[in-house]
Amino acid sequence: MIIRNIFSRRYSRKIFVWVVCVVLTVGMLSGCEKKAPESNEIKIGVCCYDQYDTFLSQLIKCFEKCVEDGVNVEYVYASQSQITQNEQVEKLIAKGVDVLCVNLVDRTAPNTIIELAKKADVPIIFFNRELVEEDITQWPKLYYIGSDAFESGRMQGELAANMIRRESSKADKNGDGRIQYVVLEGEAGHQDAIVRTEYSVNTLIDEGVEVDKVGYAIANWNRAQAQTKMAQLIERNGDGIELVLANNDDMALGAVDAYNSAKISADERPLIFGIDGTDVGLEAVVNKTIMGTIYNDKEGQARAMYDLAMALAKGESVSSLNLEDGRYIRTHYEKVDAANVLQYIHK
Ligand code: BGC
């Protein structure tokens, strides 16, 4: 009897140990499966082409405001080097990001980044610097968020044409019935630069404004470069410039800086227009140093980028985000001039 009891106790202990082992093993195995992360363990990597771009800095601030508690976001800046950005992406993937948001340095060279992401199965949301269709269609987990560059060019042309019609004597300073204009263009090869210039000038012409192009300069979205280029254009053309069409606000402000340095009075200056509606751009519209800008909806882009990033990280459906062709989100622009600028300040 005693022997039987000892035997059955030993036997039941063995069964107990065996059951515990099975439970632990099953638990460990299921822990290896890639399950959808909880919100508090989501990691997002955000890569920007440069840390000194005014519009992008403001877009990133808007993104930061969207980030909820417990979501971990790492921001990196590539100082305009694609090689640096490729290395940054590699490191972020090694750190285990669930999704990447990438503002490419060279929008024609996304392949290394796409390969790295594909290998690790990390979706990428490209933003602001648009890759070509052949590249974005390489893999279903590639997305793009930006705005419609055609619209910004068209709107800038319309805004300028309206003001030229409304204040023709102020605009056509030499009274020849034509508007002599210069263009300050963004980075060569950037989708927004090429398209904005073309559509702005063509819209002006379609609106019936007769124009002469007296100068053109690439200033890479940059205020200081635009000031230098504008100073050269002023030197070459004197008071023969009646309109400045700048591809962004920073370059419009660079033109203002050049007129300030040349000590040319407000009455003798051309009409100057920008695009973006950055804080400094809007302030310049309020002060009437530039006549208008086209609001580039950074709040909308940041919100869309965050919502899409979270849905992808959690493995949820993205259908409620209304992606165009399953991968694109483009926000709309708005015209801003002295009449409506206050409603855009502190938006
Ligand atoms: C903005 C520019 C900015 C550029 C950077 C453009 O959409 O209008 O201000 O410098 O993007 O890629």
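The following refers to the structure shown. (Residues numbered from 1 in each chain as written. Predicted model: local features only at pLDDT ≥ 70, side-chain atom pairs only at ≥ 80, totals over all residues. Heavy atoms only, no water.)

### Regarding the site of the ligand
The environment of the ligand is made up of Y49, D53, F55, N128, R129, H190, D192, R196, W221, N248, D276 and N296. D53 is positioned such that a nitrogen or oxygen atom in its side chain is 2.5 Å from an oxygen atom of the ligand. A distance of 2.6 Å separates an oxygen atom of the ligand from a polar side-chain atom of D276. Relative to its unbound accessible area of 310 Å², the ligand is 99% covered by the protein chains. In terms of residue class, the shell around the ligand is built from three nonpolar, four polar and five charged. (Near = heavy atom within 4 Å. Polar contact = N/O pair within 3.5 Å; in protein donor to acceptor, adjacent residues only side chain to side chain. Areas by Shrake-Rupley, 256 points an atom, 1.4 Å probe, with all protein chains shown as cover. Nonpolar A, V, L, I, M, F, W, Y, C, P; charged D, E, K, R; others polar.)

### Things to note about the packing of helix 3 (residues 82-94) against helix 4 (residues 111-120)
Interhelical geometry of helix 3 versus helix 4 gives an angle of 10 degrees and a closest axis separation of 9 Å. When the axes of helix 3 and helix 4 are compared, the pair comes out roughly parallel. Contact residues: Q82, Q85, N86, V89, E90 and I93 in helix 3; T112, I113, L116, A117 and A120 in helix 4. Its residues assigned to classes, the contact of helix 3 with helix 4 comprises six nonpolar, four polar and one charged. (Axes fitted to C-alpha atoms, helices over the stretch in contact; angles between N-to-C directions. Helix = DSSP H or I, 4+ residues; strand = E, 2+ residues; numbered from the N terminus. Parallel < 35°, antiparallel > 145°, perpendicular 65-115°, else oblique. Contact = heavy atoms within 4.5 Å.)

### A look at the pattern of salt bridges
Across all of its chains, the model carries 14 salt bridges by this definition. Here D212 and R178 are joined by a salt bridge, their closest N and O atoms 2.9 Å apart. With D212 in strand 7 (residues 211-218) and R178 in the loop between helix 7 (168-171) and strand 6 (179-185), this residue pair connects regions lying 34 residues apart in the sequence. According to the relative accessible area criterion, D212 is partly exposed, its value standing at 24%. One network of salt bridges, with partners in common, ties together E130, E324 and R330. (Salt bridge = Lys/Arg side-chain N within 4 Å of Asp/Glu carboxyl O. Buried < 20%, exposed > 50% of the residue type's maximum accessible area, 1.4 Å probe, protein only.)

### Some details on the sheet that holds strand 2 (residues 72-77)
Within a sheet, each strand pairs with its neighbour through backbone hydrogen bonds, oriented either parallel or antiparallel. The sheet built from six strands is open, its strands ordered 2-1-3-4-5-11 with parallel pairing. Here the strands that pair on one side only, and so sit at the sheet edges, are strand 2 and strand 11 (328-331). Strand-to-strand twist across the sheet, computed as the mean angle between neighbouring axes with direction ignored, equals 15 degrees. Pairing between strand 4 (residues 124-127) and strand 5 (residues 142-147): four bridges, direction parallel. (Pairing = 2+ DSSP bridges.)

### Structural notes on the packing of aromatic side chains
Centre distance and the angle of the planes are the two values used to describe a pair of aromatic rings. Counted according to the given criterion, the structure contains five aromatic pairs. Centroid distance F63 to Y75: 6.4 Å. Interplanar angle 85 degrees. Geometry classified as edge-to-face. With F63 in helix 2 (residues 54-66) and Y75 in strand 2, this residue pair connects regions lying 12 residues apart in the sequence. For F63, a relative accessible area of 0% gives the class buried. Residue Y75 is classed as partly exposed on the basis of its relative accessible area, which comes to 24%. A network of ring pairs unites the aromatic residues F63, Y75 and Y306 as a single cluster. (Phe/Tyr/Trp six-rings, centres within 6.5 Å; stacked < 30°, edge-to-face > 60°.)

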